[in-house]
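The lines below spell out each chain.
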Amino acid sequence: GAVVSQHPSRVICKSGTSVKIECRSLDFQATTMFWYRQFPKQSLMLMATSNEGSKATYEQGVEKDKFLINHASLTLSTLTVTSAHPEDSSFYICSAGPGANSPLHFGNGTRLTVT
Amino acid sequence: GDSVTQMEGPVTLSEEAFLTINCTYTATGYPSLFWYVQYPGEGLQLLLKATKADDKGSNKGFEATYRKETTSFHLEKGSVQVSDSAVYFCALREGGGSNYKLTFGKGTLLTVNP
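Residues numbered from 1 in each chain as written. Chains lettered and ligands numbered in written order. Predicted model: local features only at pLDDT ≥ 70, side-chain atom pairs only at ≥ 80, totals over all residues. Heavy atoms only, no water.

### With respect to the interface of chain A and chain B
- Taken together, the 24 residues of chain A in the interface contact 24 residues of chain B.
- Between chain A and chain B lies a buried interface of about 1800 Å² when both sides are counted; carbon and sulfur atoms form 55% of it.
- For the pair chain A and chain B, the number of links is one salt bridge.
- A salt bridge links lysine 101 of chain B to glutamate 59 of chain A; the nearest nitrogen and oxygen atoms lie 3.6 Å apart.
- Inspection of the region where chain A meets chain B yields four residue pairs in polar contact (both at pLDDT 80 or more).
- Sort the elements by how many residues they give to the side of chain A that touches chain B and strand S4 (residues 32-38) of chain A lands first, with four residues.
- Here the residues of the side of chain A that touches chain B sort into 11 nonpolar, 11 polar and two charged. (Contact = heavy atoms within 4.5 Å. Buried area = accessible area lost by both parts, 1.4 Å probe. Salt bridge = Lys/Arg side-chain N within 4 Å of Asp/Glu carboxyl O. Polar contact = N/O pair within 3.5 Å; in protein donor to acceptor, adjacent residues only side chain to side chain. Helix = DSSP H or I, 4+ residues; strand = E, 2+ residues; numbered from the N terminus. Nonpolar A, V, L, I, M, F, W, Y, C, P; charged D, E, K, R; others polar.)

Now the structure itself:
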């Protein structure tokens, strides 16, 4: 079945550094991928929609200069957290699907800890 | 806008108990409805789905029926197991295809004790 791979699964970085998270669709092409952030007590927040070959669409309140999204190919989207701060510590999850009438599949998430 | 409301947890049950997690939605059109499950430390997995009114999604003993008249998609299982302990998310998607975003409920934590 459709698989979405996310890497790394965990990352610890110092405040002020940047971190890149990769999301790959392993057996299908995805023109659109979604990035979510999961807060304590489970709540999932859609951060942005990543569009292959064009700019990402950010949800209201999400800083596009802080959370850089690049969707350079039909199987890869990256989220870069720039100048990370402790408040950016969270669980980030990507999702994608093969296309029409198919459900979205999720990566296993990336636990980011900023010290 | 679209929204999903699901019962707040946590829900704690004994093994073999009956499970219901309520989910209602608000949408402008005719959405597809989903239940996702998240095991500790992992991403979300699709549990079941229904794409039109009166459809019943089922998987691993879980069921949910798309009720347009009550705008609901309640999740049920007749006999839960310890391995069902996880967070369950109800979600909807307007429009067809995976190029459309999911709108999630806040999740319900289920703990099943032996």
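Here the narrative resumes, following the displayed structure.
### Thoughts on unusual backbone geometry
- The step from histidine 7 of chain A to proline 8 of chain A runs through a cis peptide bond, and the omega angle for that step is 0°.
- In this fold, proline 8 of chain A is placed in the loop between strand S1 (4-7) and strand S2 (10-13).
- Going from glycine 9 of chain B to proline 10 of chain B, the amide bond is cis rather than trans, its omega being -5°.
- For proline 10 of chain B, the location among the structural elements is in the loop between strand S1 (3-6) and strand S2 (11-14).
- With phi around 45°, serine 83 of chain A is a residue other than glycine that occupies positive phi space.

### Here we look at the environment of threonine 78 of chain A
- Residue placement: threonine 78 of chain A occurs in strand S8 (residues 76-81).
- Setting aside anything within four residues of it in sequence, one finds threonine 78 of chain A in contact with Lys20, Ile21, Glu22, Trp35, Leu68, Ile69 and Asn70 of chain A.

### What about the pattern of salt bridges?
- All chains considered together, the criterion is met by six salt bridges over all chains.
- Note that aspartate 88 of chain A and lysine 66 of chain A form a salt bridge whose closest N and O atoms lie 2.9 Å from each other. One end of the pair, aspartate 88 of chain A, is in the loop between S8 and strand S9 (90-96); the other, lysine 66 of chain A, is in the loop between strand S6 (57-58) and strand S7 (67-73), and 22 residues separate them in sequence. In this structure, aspartate 88 of chain A and lysine 66 of chain A share a single accessibility class: buried.
- Of the charged contacts in the structure, one is a salt bridge between lysine 77 of chain B and aspartate 84 of chain B, with a shortest N-O distance of 2.8 Å. Accessibility classification places lysine 77 of chain B together with aspartate 84 of chain B in one group, the buried group. (Buried < 20%, exposed > 50% of the residue type's maximum accessible area, 1.4 Å probe, protein only.)

### Things to note about the side chain of serine 50 of chain A
Residues and elements named next belong to chain A.
- The topology assignment puts serine 50 in strand S5 (residues 44-51).
- Serine 50 sits in the buried class, given a relative accessible area of 0%.
- For serine 50, the side chain forms a polar contact with the side chain of histidine 71, separated by 2.7 Å.
- Ignoring any residue separated from it by four or fewer positions in sequence, one finds serine 50 in contact with Thr31, Thr32, Met33, Trp35, Ala56, Ile69, His71 and Ser77.

### Quick word on the sheet that holds S7 of chain A
Residue and element names in this part refer to chain A.
- Pairing is antiparallel in the open sheet, where four strands are placed in the order S1-S3-S8-S7. In this open sheet, the two strands that pair with only one neighbour each are S1 and S7. Strand after strand, the sheet turns through a mean of 15° between neighbouring axes, direction not considered.
- Judged from the four bridges that link them, S1 and strand S3 (residues 19-25) form a sheet pairing that is antiparallel. Note that in S3 the partner of glutamine 6 across the bridge is cysteine 23. (Pairing = 2+ DSSP bridges. Axes fitted to C-alpha atoms, helices over the stretch in contact; angles between N-to-C directions.)

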